[in-house]
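Structural description and commentary
So the chains spell out like this:
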Amino acid sequence: MKRISPLTTSALLAGMISVCLLSACQSNDDRGQPMQTVASVDLQRYQGTWHEVAMIPNRFQSQCVANTTARYTQRDGYIEVLNSCSTKEGKTDQATGKASVVEGSQNTKLKVSFFWPFSGNYWVLALDPEYRWAVVGEPSRQYGWVLARDKQLSEQDWQKVWAAITSAGYQTSQFRKTEQR
């Protein structure tokens, strides 16, 4: 029986992840309505740490069971993205990527890449005026996240988030709350 080298295994894993990311890049909307973003995003205010408080379950985050965060830091010409979560084994899993603003989008649409040359859409669909929470998605509506500066949202904020999710063409039942410890 032929052994597969660790390098080959890594290449296969990277290839599978790339396929998942490519599916996130598709721009078809099966609901027939174009997805709307917020009018603009102030990247200075947006940077920093956000806690994932809800998301549409997906394969590339299947190892995450709690404490999922995203930290955005402006660099020279791009935005560094550091995603982190706790696994069921109690370990921390991290992924670092680069995001670039889509020209003409007023900073509301980003292309994020964790595995060059593949990138996925990151669109800010709703944003609290005080930048306390955000709803992020992509045109196919297969992926979506609710991010917050705090680990929990008030019931009043959840009502606004669910309304924004519905307004963006998602079903609220697609999302599940993320455990934050």
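Quick notes on the rules
- Residues numbered from 1 in each chain as written.
- Predicted model: local features only at pLDDT ≥ 70, side-chain atom pairs only at ≥ 80, totals over all residues.
- Heavy atoms only, no water.
- Phe/Tyr/Trp six-rings, centres within 6.5 Å; stacked < 30°, edge-to-face > 60°.
- Helix = DSSP H or I, 4+ residues; strand = E, 2+ residues; numbered from the N terminus.
- Buried < 20%, exposed > 50% of the residue type's maximum accessible area, 1.4 Å probe, protein only.
- Lys NZ or Arg CZ within 6 Å of the ring centre and 35° of its normal.
- Salt bridge = Lys/Arg side-chain N within 4 Å of Asp/Glu carboxyl O.
- Pairing = 2+ DSSP bridges.

**A few points about the packing of aromatic side chains**
Counted by the stated rule, this structure contains 7 aromatic pairs. Centre to centre, the rings of F60 and Y143 are 5.4 Å apart; their planes meet at 40°, and the pair counts as tilted. Of this pair, F60 sits in the loop between strand 1 (48–55) and strand 2 (64–75) while Y143 sits in the loop between strand 7 (133–137) and strand 8 (144–148), placing them 83 residues apart in sequence. According to the relative accessible area criterion, Y143 is buried, its value standing at 9%. Their ring planes at 10° and their centres at 6.4 Å tell us that Y143 and W145 sit as a pair that is stacked. Across the pair, exposure class does not vary: Y143 and W145 are buried alike. Through successive ring pairs, a cluster of aromatic residues spans Y46, W50, Y72 and Y122. Taking the ring centre of W123 as reference, the NZ or CZ of K109 above it sits at 4.1 Å. Over the face of the ring belonging to W158 we find K177, whose NZ or CZ atom lies 4.3 Å from the ring centre.

**Brief notes about unusual backbone geometry**
Along the chain, W116 connects to P117 via a cis peptide bond; the corresponding omega equals 15°. Within the secondary structure, P117 is located in the loop between strand 5 (109–115) and strand 6 (118–127). Despite not being glycine, Q106 has its phi angle at roughly 60°, a positive value. Its location among the elements puts Q106 in the loop between strand 4 (92–101) and strand 5. According to the relative accessible area criterion, Q106 is exposed, its value standing at 52%. Notably, Y131 is not glycine yet its phi reads approximately 60°, a positive angle. Residue position: Y131 is located in the loop between strand 6 and strand 7. Accessibility expressed as a relative area gives 9% for Y131, which makes it buried.

**A short note on the pattern of salt bridges**
Taken as a whole, this structure holds 4 salt bridges when the rule is applied. Salt-bridge contacts for R75 lead to E80; the nearest nitrogen and oxygen are separated by 3.2 Å. Relative accessible area serves as the criterion here: at 41%, R75 is assigned to the partly exposed category. Overall, E80 belongs to the buried group, its relative accessible area being 18%. E179 is paired through a salt bridge with R181; the nearest N and O atoms lie 2.7 Å apart.

**With respect to the pairing of strand 5**
Judged from the 4 bridges that link them, strand 4 and strand 5 form a sheet pairing that is antiparallel. What sits directly across from K98, in strand 5, is S113. Pairing analysis gives 5 bridges linking strand 5 to strand 6, with the strands arranged antiparallel. Within strand 6, the residue paired with V112 across the bridge is G120. Where strand 5 folds back on strand 6, the antiparallel hairpin that results is connected by 2 residues.

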